[in-house]
Every structure is written in C-alpha cells, then in structure tokens.
Amino acid sequence: MYDDWAYHVSPSQYAPQPQKHRRRRKSIIQEVALEHQQLPSIRNSPGNLGTLDNVIEDTAGSKYFIPEYTVPIRRSNSMSSLTKLKKSILFELINNEEKDHTDLVTYPFTAAEEKLLMRPLQDEIEFNELYDNIEDEIHAENDRIYIEFRDTCKSHLDSCQAFIDKADDTLALLDTLARGFESVRKQTSTFQEKCESLSSEQLRLESLANDIDENLKPFVMLEDITRRLNTPGTDFVAQDRFRNMLATLDHCIEYVDSHPKFHSIDWYQMRFRQCMTRALTLIRQYFVNTIREVASDVQSRIAAKALSDQTQSALFYTKFRVDAPLLQSLTAEIQSRCEGREEYENLLNDCYKCYVATRVKLISPIIAKRIGDMRSSIDDLLQLTRQSIAYIRTICSDEYDLFFALFVGGENIIYELLEDLCEPLQDVLRSRIIHEKKIETLYELCTILQGLSLQDGDEQASTYFERPQLDFGRLFQSTLQDAQVKLVFRMQAYS
C-alpha cells in the first residue's frame, strides 16, 4: 500500500505549492525527516544503526553539535519492516524471548518513538493499539500533502468559480451597458435624423420665406415709392437714390407684367405705371425749370451789363454746360423708356421743345443782328455768303455740341433748331439770289453751297465719333436749290 518512493520523493515536485498559512508545530515524524534533510553528510552502511556522539567539522572549520539519537540511513520497505518487527515482538512475547530488533527497524524514528516502540508491551492488544495509532499517523502524514493539494485545488477552484462568477457579473453588466449603448445609439440616430429633417425643413422654410420676401418686395415697395414721388419739389430728382428708385420701378413693372395671374395684378400694374409716369414727369419738370432758370440768369446778366458779342456768346454756352451731365442722365432715363410708351415720348418732346424754344429765344436775336450788319456792310453776294456761312457755321457747331451734351438722341430736333437759327441768313441770301443777274455769280454761289456738304462728308469719314457729326450742308439745301433754280432761269434767258 505504501511505496518506498513516497518517503524519498518530495510531493512538491508533483503537486502545486499550498497557500501560505500559519505554521503548525511539526509532528515527531516531520522533525525527524527535517533533521535527516539537514544532515546529508551523515551516512552509514545500509541496514546499520549508530549513535552520533561526535562532532562533525565541515570544510570551513565550523562545528555543529549533533544530539545523540539513532539515525537510519534509508527507509526502504518501512511498512514491511514494521510488520516484521510486529511479528518478531509477538514471537518474543509468546516464547518469552528477548532479541535485538534494531536490525529490523529502518523507519527514521526519533529516540522517543524508538523508546515507545521498543518498550516492553504487556499483550497483543496494547501492541495493536500502538501499531494502529502509528499506522494512522503514517497514513495521515502520507496523505497530508495530497489533502493540502486537494484543499489548495479546492481553494483554487473556489477562486476560479468566484472569478467566473465575477466575470459573469461583469459580462452581465457589460451586456447591460451594451444594451444601454445600443439604445443610446438608436436614440442618437433617431435624434440625428430628426435634427436633419428639421434642418432640411428649416432650409426649405427659409428658402420659402426668402422667395416670399422676394415676391412681396415689389408690392411692399409700392407704398414707399409713392410716398417719395409725392414729396413736394423736384430737387429729389438730382439725387442718386432717385435713379435707384427708377431702376426699382423698372423691376417692379417687369415683375408684375411677368405674373399676370396674381391676385389684383391689374391694379398693381396701373399703380406702378402711374409711379413711373410721375417719376418721368418730375424729370421733365426739373429739366424745364433748370433750362428756364439758366436762360433767365443769362438774360439778366446781358441786360445788366453791356457785353460784347463774344462775351455774350461764351456766356450762352458756359452757363448751360454747368448742369449738362446731370441733365443728360435725366433725359436718358426718359428716352430709354420711350419705346412703345407714347406718354413717355410726349415727356421727352416737352424737354426738346423747351430747350429749342429757349435757345432760339437767346441766340436768334444775336444772329439776326449780326447777319443784318453783314448785309448792310457787304454788297457782294459771294463775299456775304462766305462770311455769313463762316459765322453761322461756328454757331451751329457750338449748338450741336451743346445739344448732345444735354441729350443722348434727337438728331432731327437739333437740325430743326439749327434751321431756325439759320433762317435769318437764308432769308438774306434768298433775297440776294432773287435779284442777282450774273450767271457767273450764281454758278460760284452754287459751288460754295455744294462744297459745304462735301467738306462735312470728308470730316465724318476721317473722324470717329460716338454721335453723328454735323451735316452743315443739310442746313442750306433750300438755299442751294434756290440758287440752282435762279441759275437755270438765267441760262434759259440768255439762250
């Protein structure tokens, strides 16, 4: 049952180390085994027992005191040795013989155990009790390591089970957290989707609100435009915000015209058209008032001082050029809207008429006086024609430039004005042509008048202008025709 290796081989080589605990007092057998491990240098011949009463010295010279007790060399077949010892003692008791049994004892007992074992026994019962006690102690000691290993394993199992329980609890907690996180993720995703939906809805509503504002802007601005146009006076026309208001009106009119299905759109179209007419009427009124004020100022200066013809001529053009850029921009506003709108054309024509009448009133007396002086002082038709045409050509060029400094169009109007200014000269030349009898003079006069158109054509071809150049020969077409008719008539008379 008990093998020899169980007493020579340490169980710690085959079992895990037990947990540390409070050290118990060693049993008698453990003390003997410990002392045997501490004295590896003590060896005797196998099977012999001796008493150690001497002192052993090691290589370093130190001394150890060894108490006197019997030390077995080895413990082979311990249980069989005890069985032999038991049989020997029983045989001794039966035969009343005393023998030395030390050769049978190979178990490493202490002196007290040997004394207990070797003491005389009374009977077999006492020996059996002793034997059973020792056998139980041997069994217990042999199983102690395994029991401790079992207890250690059990402790480890309990620890592992506790760890598993802890891990299960942790996993359960993690599962709970995972479910919580999943719920939060779903809620977050739902919240994000709702936020995105709300954001999209907000953008849609903002776009809709902007579209509504943009669509309502023309209708909302009607009241403000009406209030501005009803402001007394015309000084508002000269400000930049007035031109901005005109651009706004154009946009509003274009908008209402492009949405004919809106509610009450006809009423708004009429109101915006009325506002535009009112605005352009203010331009006409401002232009007329400015031209009249300048003309009145020039006339008052001429009446107050005796000015020369050159000074008067410079005054006539300098004063009108002061406000020319502003007036040109205002008349351009009217002209740009005249297409298809008769009421706007009438407003522009009023500006033309006012300007032409003012210029004729200012310039005609001076021209008539100067032409009259030439008529009375020059008898020769050709000389009169050259000098008067040179003078009137200067006047017409200045008037032509001034007109286009105030207007961006109206070529026909300026020629009507120039024809009115040239009328005194045409009357003088016509009367002279009628009374002229020399064919050579009439021929030379026709040549001079035809040369006016050819010279103007060469100037137009050689110079680039944004506006057309003055065709001076156009002003004397009627005079040329009169001279040609008179020349033909005189040639027929001679033939």
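Residues numbered from 1 in each chain as written. Predicted model: local features only at pLDDT ≥ 70, side-chain atom pairs only at ≥ 80, totals over all residues. Heavy atoms only, no water.

Peer 1: How should the environment of Val428 be read in this particular structure?
Peer 2: Inspection of the secondary structure puts Val428 in helix 12 (residues 411–435). Its relative accessible area of 7% is what places Val428 among the buried residues. In this structure the C-alpha to C-alpha distance between Val428 and Ser388, which are 40 residues apart in sequence, comes to 9.9 Å. Beyond its immediate stretch of four places on either side in the chain, Val428 contacts Ile371, Arg375 and Leu384. (Helix = DSSP H or I, 4+ residues; strand = E, 2+ residues; numbered from the N terminus. Buried < 20%, exposed > 50% of the residue type's maximum accessible area, 1.4 Å probe, protein only. Contact = heavy atoms within 4.5 Å.)

Peer 1: Any chance you could explain a negative patch on the surface here in plain terms?
Peer 2: A cluster of acidic side chains, namely Glu416, Glu419, Asp420 and Glu423, defines a negative patch on the protein surface. Residue placement: Glu416 occurs in helix 12. Of the residues examined, Glu416 reaches a relative accessible area of 46% and is grouped as partly exposed. (Patch = residues over 30% accessible without salt bridge, like charges linked within 9 Å, V, L, I, M, F, W, Y side chains within 5 Å. Areas by Shrake-Rupley, 256 points an atom, 1.4 Å probe, with all protein chains shown as cover. Salt bridge = Lys/Arg side-chain N within 4 Å of Asp/Glu carboxyl O. Lys, Arg positive; Asp, Glu negative; His and termini not counted. Charge placed at Lys NZ, Arg CZ, Asp CG, Glu CD.)

Peer 1: In this structure, what is going on with helix 6 (residues 240–258)? I would like to understand it.
Peer 2: Residue pairs three or four apart in sequence face the same way in an α-helix, which turns once every 3.6 residues. Helix length check: helix 6 (19 residues) gives 28 Å between terminal C-alpha atoms against 27 Å at 1.5 Å per residue, within 8%. Restricting attention to buried positions, one finds in helix 6 the residues Phe242, Met245, Leu246, Leu249, Cys252, Ile253, Tyr255 and Val256. (Expected span 1.5 Å × (residues − 1).)

Peer 1: Any chance you could explain helix 5 (residues 124–229) here in plain terms?
Peer 2: Between its terminal C-alpha atoms helix 5 stretches 148 Å, which fits the 158 Å expected from 106 residues at 1.5 Å a residue. A bend of about 45 degrees at Lys217 is the largest found in helix 5, and the proline Pro218 appears one to four places after it. (Bend = angle between axes of the 7 residues up to and from the residue.)

Peer 1: What should I look at first to understand the nonpolar core in this one?
Peer 2: Side chains of a nonpolar character, in soluble globular proteins, are inclined to be buried together. Ranked by internal contacts, the top residues of the largest apolar core, which has 92 residues, are Phe242, Tyr355, Phe472 and Phe476. Considering every element that reaches this core, the biggest residue donor is helix 7 (residues 265–304), with 15 residues. (Core = buried A, V, L, I, M, F, W, Y, C linked by side-chain atoms within 4.5 Å.)

Peer 1: Just to check I follow, could you spell out the confidence of the model for the protein chain for this structure?
Peer 2: Residues shown with low pLDDT carry predicted positions that ought not to be read at fine detail. Looking at the protein chain, the pLDDT average stands at 77 and 72% of residues meet or exceed 70. When pLDDT is averaged over each element of the protein chain, helix 9 (residues 324–335) comes out on top at 92 and strand 1 (residues 56–57) at the bottom at 37. Long-range and interchain partners of residues 1–78, a stretch whose pLDDT sits below 50, account for 98 contacts in this model, where long-range means more than four residues apart. Contacts of residues 101–106 to residues separated by more than four positions or lying in other chains number 19 contacts, the stretch itself having pLDDT below 50. (pLDDT = per-residue confidence, 0-100.)

Peer 1: How should the packing of helix 7 against helix 10 (residues 342–377) be read in this particular structure?
Peer 2: Helix-helix packing is described using two parameters, namely the angle between the two axes and the distance between the axes. Interaxial distance between helix 7 and helix 10 falls to 10 Å at its minimum, and their mutual angle equals 0 degrees. Between helix 7 and helix 10, the crossing angle belongs to the class labelled roughly parallel. Of the residues in helix 10, those touching helix 7 at Arg273, Met276, Thr277, Leu280, Thr281, Arg284, Phe287, Val288, Ile291, Arg292, Ala295 and Gln299 are Glu343, Tyr344, Leu347, Asp350, Cys351, Cys354, Tyr355, Thr358, Lys361 and Leu362. Here the residues of the contact of helix 7 with helix 10 are counted per class, giving twelve nonpolar, four polar and six charged. (Axes fitted to C-alpha atoms, helices over the stretch in contact; angles between N-to-C directions. Parallel < 35°, antiparallel > 145°, perpendicular 65-115°, else oblique. Nonpolar A, V, L, I, M, F, W, Y, C, P; charged D, E, K, R; others polar.)

Peer 1: Honestly, the pattern of salt bridges in this entry has me stumped. Any pointers?
Peer 2: Any two side chains of opposite charge can pair, so long as their charged atoms come close to each other. Under the definition given, this model contains 20 salt bridges. With a shortest N-O distance of 3.1 Å, Lys319 and Asp297 are connected by a salt bridge. Here Lys319, found in helix 8 (residues 309–322), pairs with Asp297, found in helix 7; they are 22 residues apart in sequence, far enough to count as distant. The class of Lys319 is partly exposed, set by a relative accessible area of 24%. The closest approach of N and O atoms between Lys369 and Asp373, which form a salt bridge, is 3.6 Å. Here Asp373 and Lys369 lie together in helix 10, a separation of four residues that amounts to about one turn. Among the residues examined, Asp373 registers a relative accessible area of 39% and is labelled partly exposed.

Peer 1: Can you walk me through unusual backbone geometry in this structure?
Peer 2: Here Ser264, not a glycine, exhibits a phi torsion of approximately 60 degrees, which is positive. In this fold, Ser264 is placed in the loop between helix 6 and helix 7. By relative accessible area, which is 37% here, Ser264 ends up partly exposed.

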